[in-house]
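The chain contents come next:
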Amino acid sequence: NEAVYDTNTLTGEFNYVHIVIYPHEQGWNRVEVIVRHDIDLPHFGPLKRFQIVSDASLSQLVRLTATHANIAVNSYRESKGQYKSNWEERLRQIE
């Protein structure tokens, strides 16, 4: 599939990073990591921009990239005063 992924396909307040998987050749996939243009995230890995990944490695690399993206976004949001950890949010609800 050569169609470009539209980042407005899934709308929402928290869509900072999209990990898009395109089938490539048999046994291979093209993985594209798209970061929202209005934020400046530091590099997080292991996948970046776009890479060709085997079927055997796909799930592990995408899961690890999503985990690292979550950490990077939470760090970004914390620096902007937007992020509350689970225990901070729970305390706010109790009070």
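Structure shown above.
No experiment lies behind these values; they were computed from the predicted model shown. Per-chain numbering applies: the sequence of each chain, read as written, is numbered from 1 onward. Restriction of local features to residues with pLDDT of at least 70 applies here, the model being predicted, together with a cutoff of 80 or more for giving and counting side-chain atom pairs; totals for whole chains, interfaces and linings are based on all residues. Derived side-chain values reflect all non-hydrogen atoms in the structure, with water molecules and hydrogen atoms excluded from consideration.

Enquirer: Sorry, what's going on with the overall build of the chain here?
Expert: Only DSSP runs of H or I reaching four residues or more are called helices, and only runs of E reaching two or more are called strands; each is numbered from the N terminus. A tally of regular secondary structure across the chain gives two helices and three strands. Written out in order from the N terminus, the α and β elements of the chain read β-β-β-α-α. A compact globule built from 95 residues would reach a C-alpha radius of gyration of about 12 Å, whereas the chain, at 16 Å, exceeds it by more than 25%. By principal-axis analysis of the C-alpha atoms, the chain measures approximately 55 × 25 × 20 Å. Throughout, exposure labels follow a simple rule: accessible area from a 1.4 Å probe, protein chains only, divided by the maximum for the residue type, with under 20% read as buried, over 50% as exposed, and the rest as partly exposed. Among the 95 residues that make up the chain, the fraction classed as buried is 27%. Counting only contacts in the chain whose residues sit at least 6 apart along the sequence, the fraction spanning at least 24 positions is 38%. Accessible surface is estimated by sampling points in the Shrake-Rupley manner with a 1.4 Å probe; for residues, cover comes only from the protein chains shown. For the chain, the accessible area works out to roughly 7200 Å², and carbon and sulfur atoms hold 50% of it. Residues counted as positive are Lys and Arg, residues counted as negative are Asp and Glu, and His and the chain ends are not counted. Note that the charge is assigned to NZ on lysines, CZ on arginines, CG on aspartates and CD on glutamates. Once the 10 positive and 12 negative side-chain charges of the chain are each reduced to a mean point, those two points are 4 Å apart. C-alpha atoms define the radius of gyration, and 2.2 Å times the number of residues to the power 0.38 defines the globule rule. A contact between two residues is defined here by any heavy atoms of the two lying within 4.5 Å.

Enquirer: What exactly am I supposed to notice about the nonpolar core here?
Expert: For soluble globular proteins, the rule of thumb is that nonpolar side chains tend to be buried together. Nine residue types can take part in a nonpolar core, namely buried Ala, Val, Leu, Ile, Met, Phe, Trp, Tyr and Cys, and a core is a set of them joined through side-chain atoms within 4.5 Å. In this structure, Val-31, Leu-41, Phe-44 and Leu-47 are the most contacted members of the largest nonpolar core, which totals 14 residues. For this core, the element with the most residues is helix α1 (residues 55-79), which contributes six residues. Each residue touching Val-31, except ones within four places of it in the same chain, is listed here: Ile-19, Val-20, Ile-21, Leu-47, Arg-49, Phe-50, Gln-51, Val-53, Leu-58 and Val-62.

Enquirer: Can you walk me through the pattern of salt bridges in this structure?
Expert: Any two side chains of opposite charge can pair, so long as their charged atoms come close to each other. Here, a salt bridge means any side-chain nitrogen of Lys or Arg that lies within 4 Å of a carboxyl oxygen of Asp or Glu. Taken as a whole and assessed by the stated rule, the structure comprises two salt bridges. Arg-30 is the salt-bridge partner of Glu-32, the closest N and O atoms lying 3.5 Å from each other.

Enquirer: Is there a simple way to explain the environment of Glu-89 in this structure?
Expert: Its location among the elements puts Glu-89 in helix α2 (residues 86-94). Assessed through its relative accessible area of 24%, Glu-89 is described here as partly exposed. Distance in space between the C-alpha atoms of Glu-89 and His-37 is 28 Å, their sequence separation being 52 residues.

By themselves, these figures tell us nothing about what the structure is for.
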